[in-house]
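Okay, here's what each chain looks like letter by letter:
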Amino acid sequence: MEFLLLVFRDTQELQLLHFWFFLGIYLAALLGNGLVITTIACDQHLHTPMYFFLLNLSVLNLGCISTTVPKSMASSLWDTWAISYAGCAAQVFLYFFSATAEFSCLTIMAYDRYVSICKPLHYGTLLSSRACVHMAAAAWATGFLNAVLHTANTFSLPLCKGNALDQFFCELLQILKLSCSDSYLREFGLLLVCISVTLISFVFIVVSYVQIFRAVLRIPSEQGRHKAFSTCLPHLLVVSLFVSTGTYTYLKPPSISSPSLNLVVSILYSVVPPAVNPLIYSMRNQELKDALRKLMAGWFSKAINCSSSAHH
Ligand SMILES: *[C@@H]1O[C@H](CO)[C@@H](O)[C@H](O)[C@H]1NC(C)=O
């Protein structure tokens, strides 16, 4: 048994556009996240909780985008729209895993910023390396658990409405639409639990940021305020993109859905964030930019040394 991913099949031009667009965005994601990962791993100054979690986020970003985009590009290049049953289950699993773990990481990062700005004296104890490893493990475990639950549940449902999905990857809601009447209620309940947990985390993040902003506005020096804002605002932007598009997808009433709007939103929440996250983070972060510059300078001087010693 297999599924068909039919969203781009209709017009030739759209297929080509889709291929180049996805290729560009995938390369951008590989480059951006790859640079963030190597910069943080190589620079001793960046071995702090905030950057370790950013490293986690970049690894998850790469995982997230690699489950959906390459397969979709291959489909439009070779005009083969089928995906095997196992492939589809793997996509649902990996996608849920990385998205959940990513959101957990974002929640932990809000906590990290909160402690560092509002309770600086307790930072060393609340975010000790042991505590960080535990929190990171919890984030990955949450992702794993959530992914197992949803995948097992969805793929045990009997499907009776064909195998065509109106999407470019195997998305849970699209598969539920194919299931026989009423049997999807259990998965629906699970999704509700999932959404509630996400909303609770979101409230936690917002409350942390309200505290942070209140503290930041009390900082007397302009420069201190600027530094605090520049590490927090990008984070808030990423979280908002994630939550708003996710909410649209899972909570909209069916009456307002149009296929093209759905497509745009699904690209916005599944493909764009992994590619733009590194940009958003590094754009306003002087520390990260400096480390990257140092890393590049190191690479260039090594390359020049190599080529000049090869001459001799
Ligand atoms: C994730 O973060 C934890 C805690 O800071 C760190 O120990 C771990 O190495 C990170 N893992 C990855 C894959 O980035």
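In this text the structure is predicted, and so the values were computed from the model without any measurement.

Definitions and cut-offs
Residues numbered from 1 in each chain as written. Predicted model: local features only at pLDDT ≥ 70, side-chain atom pairs only at ≥ 80, totals over all residues. Heavy atoms only, no water. Phe/Tyr/Trp six-rings, centres within 6.5 Å; stacked < 30°, edge-to-face > 60°. UniProt positions renumbered as here; feature names shortened; annotations may be inferred. Helix = DSSP H or I, 4+ residues; strand = E, 2+ residues; numbered from the N terminus. Near = heavy atom within 4 Å. Polar contact = N/O pair within 3.5 Å; in protein donor to acceptor, adjacent residues only side chain to side chain. Areas by Shrake-Rupley, 256 points an atom, 1.4 Å probe, with all protein chains shown as cover. Nonpolar A, V, L, I, M, F, W, Y, C, P; charged D, E, K, R; others polar. Expected span 1.5 Å × (residues − 1). Buried < 20%, exposed > 50% of the residue type's maximum accessible area, 1.4 Å probe, protein only.

> What is the right way to look at the packing of aromatic side chains in this model?
Aromatic rings considered in pairs are described by the distance between their centres and by the relative angle of their planes. Counted by the stated rule, this structure contains 13 aromatic pairs. An aromatic cluster is present here, built from Phe21, Phe22, Tyr95, Phe168, Phe169 and Tyr269 joined pairwise through their rings.

> I would appreciate a short explanation of the UniProt feature "transmembrane region" (unreviewed entry) in the chain in the present structure.
Using the residue numbers shown here, the UniProt feature "transmembrane region" (unreviewed entry) corresponds to residues 20-42, 49-69, 89-111, 131-149, 188-210, 231-251 and 263-283. For residues 49-69, helix accounts for 100% and strand for 0%, while the C-alpha atoms at its two ends are 30 Å apart. Spanning residues 188-210, this segment combines 100% helix with 0% strand, and its end C-alpha atoms are found 33 Å apart.

> Teacher, can you tell me more about the site of the ligand here?
Every residue lining the ligand is accounted for by Phe52, Leu55, Asn56, Cys132, Val133 and Ala136. Between an oxygen atom of the ligand and a side-chain N or O atom of Asn56, the distance comes to 2.5 Å. Taking 360 Å² as the accessible area of the ligand by itself, protein coverage stands at 68%. When contributions to the shell around the ligand are tallied by element, the ones reaching two or more residues are α2 (49-78) and α5 (129-154). Taken together, the residues that form the shell around the ligand break down as 5 nonpolar, 1 polar and no charged.

> Could you clarify how one ought to interpret helix α9 (residues 259-270) in this entry?
Working note: α-helix, 3.6 residues per turn, so residues spaced by three or four point in the same direction. Over its 12 residues, α9 runs 16 Å from end to end, which matches the ideal 16 Å to within 8%, given 1.5 Å per residue. Of all the residues in α9, the buried ones are Leu263, Val265, Ser266, Ile267, Tyr269 and Ser270.

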